[in-house]
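# Residue-level structure breakdown
Read off the chains here:
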Amino acid sequence: MRRIVVIDAPSNLGLRPPTEGTVPGCYKLAGALREQRLVQRLGAYEGGVVVPPRYDRGDWREGDGVFNAEAIATYTCKLADRIEHHVRAGDFPVVLGGDCSIQLGASLALRRIGRYGLAVIDGSADFRHPGNSDRVGAAGGEELAIATGRGQADLTNLEGLQPYVRDEDVRVLGIRDYDEERAELAELKITNATAQEIREWGAEELAGAVLQALEVPVTEGFWVHLDADVLDPSVMPAVDSPDPGGLMPDELGALLRTLVRSERCVGLNLTIYDPDLDPDGSCAALLADLLQAAFTQP
C-alpha cells in the first residue's frame, strides 16, 4: 500500500481577480480541506507547503500573454521538485491547490521521470492558447494547452521538456456540452467526455474504459487533475465559474474511486474551490468526503 502524502500548493497566480483590487480566494483551499481533517481521514503523511510567489499582475494588459508568467514558471519548477521527490519514493501525492495552473507542477515532475498520462476531471477543457483565442492571459484556464506544448515558451518549455504531456496521453472528463474548445480536442484526438455523456454511459463504466486507455504499457502511469467546478453548481457553488450541467457527487465519486485506486495512478491534485464563496464550509466538507471515499471506501 503506497503512502498518501498531502502537499499544499496554495497558488492563485493563474486566475483573474474576482474584482478589481482583490485576489482569487482559491489559495485558501488547502487550509479549508485541512480544517475538514482530510490528512487524518486519509491516514496520510504530511508533505508540507510549497509557498507561491506574491500575486501581482503589475501593469499587465490584454494581449501581453500570460500574466504572472515568470512567477508561475518559478513556482511550477519548485512544486515539481516536491512532487518528483515523492513519486520517485513510491508515495502517492495529493496536492491541494490553488488554481488549475498547479497541474503544471505535476506534469513537469512526471515529464522529468518519463512518459505519463493525465486524466483531467474538469468542468472546462482549459485549452485556451494563442492559436484559438485572443484572450490568453489566465494560466488557470490554459494549463492543459500549456502542458501539451501550446503557448509561450517560458511556460511550455521549462527545462527544455516540451511537451510535458502528449496529446494522445490525455483524457478529459466532465466538460460541459457547450465547451468551445471541445471541437479542437476532437481534431487533435484528445479523448473527452462531457458530464452528460458520463451520465448517459455510466460513470463507473466510463471510468473503467478510460482506465484501460491510461494503463497502456507505453506510459509509466498517470496523474489525476481534479477541478471542483466539474461538479454541478447546485452542490458546488464555491468556484469562480459555476457553470450548470455538471456532475453530481455520486458520479464524480465513481470516477475518482476507479482512477485513484489503479496501481498506475501516481497522484492527484485538487483545484479551484474557493472558501471565500463557502461561508458555511459545506462545499469543503463535500470535497473532503469525496476524497476520503475515493481512497478508503469499498
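Residues numbered from 1 in each chain as written. Predicted model: local features only at pLDDT ≥ 70, side-chain atom pairs only at ≥ 80, totals over all residues. Heavy atoms only, no water.

Named according to an unreviewed UniProt entry, the protein chain is Arginase family protein originating from Streptomyces sp. 900116325. As its UniProt record puts it under Sequence similarities (unreviewed entry), the protein chain is described as follows: "Belongs to the arginase family." (UniProt positions renumbered as here; feature names shortened; annotations may be inferred.)

### Some points on the packing of aromatic side chains
Tallied over the full model, the rule gives two aromatic pairs. On the numbers, 5.1 Å between centres and 75 degrees between planes, the contact of Trp60 with Phe67 is edge-to-face. Residue class for Trp60 comes out buried when judged on its relative accessible area of 12%. Phe67 sits in the buried class, given a relative accessible area of 1%. Both rings, one in Phe92 and one in Phe295, keep their centres 5.4 Å apart while their planes meet at 80 degrees; by these two values the pair is edge-to-face. Placement of the pair is Phe92 in strand 3 (residues 92-96) and Phe295 in helix 11 (residues 282-296), with a sequence separation of 203 residues. The burial state of Phe92 is the same as that of Phe295; both residues are buried. In this arrangement the basic side chain of Arg3 is found over the ring face of Tyr45, its NZ or CZ atom lying 4.5 Å from the centre. The ring centre of Phe67 lies 4.8 Å from the NZ or CZ of Arg57, which sits over that ring. (Phe/Tyr/Trp six-rings, centres within 6.5 Å; stacked < 30°, edge-to-face > 60°. Buried < 20%, exposed > 50% of the residue type's maximum accessible area, 1.4 Å probe, protein only. Helix = DSSP H or I, 4+ residues; strand = E, 2+ residues; numbered from the N terminus. Lys NZ or Arg CZ within 6 Å of the ring centre and 35° of its normal.)

### Topic: the sheet that holds strand 8 (residues 265-271)
Read across the open sheet, the eight strands follow the order 2-1-3-8-7-4-5-6; overall the sheet is parallel. Each of the sheet's edge strands pairs with one partner strand only, and the pair in question is strand 2 (45-49) and strand 6 (191-194). In this sheet, neighbouring strand axes are inclined to one another by 15 degrees on average, regardless of whether the strands run parallel or antiparallel. Bridge count between strand 4 (residues 117-121) and strand 5 (residues 170-175): four bridges; the pairing is parallel. Across the sheet, residue Ala119 finds its bridge partner in strand 5, namely Arg171. In this fold helix 3 (residues 69-88) packs onto strand 1 (4-8), strand 2, strand 3, strand 7 (222-227) and strand 8, with an angle of close to 150 degrees to the strand it touches most, strand 3. Sitting on the sheet, helix 11 is in contact with strand 1, strand 3, strand 7 and strand 8, with an inclination near 170 degrees to strand 8. (Pairing = 2+ DSSP bridges. Axes fitted to C-alpha atoms, helices over the stretch in contact; angles between N-to-C directions. Contact = heavy atoms within 4.5 Å.)

### A closer look at the environment of Ala71
With respect to the element layout, Ala71 can be found in helix 3. According to the relative accessible area criterion, Ala71 is buried, its value standing at 17%. Separated by 102 residues in sequence, Ala71 and Leu173 have C-alpha atoms that sit 29 Å apart. Dropping the residues within four chain positions of it, Ala71 is found in contact with Leu13 and Pro53.

### Focus: helix 9 (residues 203-214)
Residues separated by three or four positions in an α-helix point in the same direction, a consequence of the helix having 3.6 residues per turn. Spanning twelve residues, helix 9 covers 16 Å between terminal C-alpha atoms, matching the ideal 16 Å at 1.5 Å per step. Buried residues of helix 9: Ala203, Leu206, Ala207, Val210, Leu211 and Leu214, and no others. The buried residues of helix 9 occupy an angular sector of 140 degrees when the element is viewed end-on, so they sit on one face. More than 90 degrees from the buried face of helix 9, the exposed residues found are Glu205 and Gln212. (Expected span 1.5 Å × (residues − 1). Arc of directions from axis to C-beta.)

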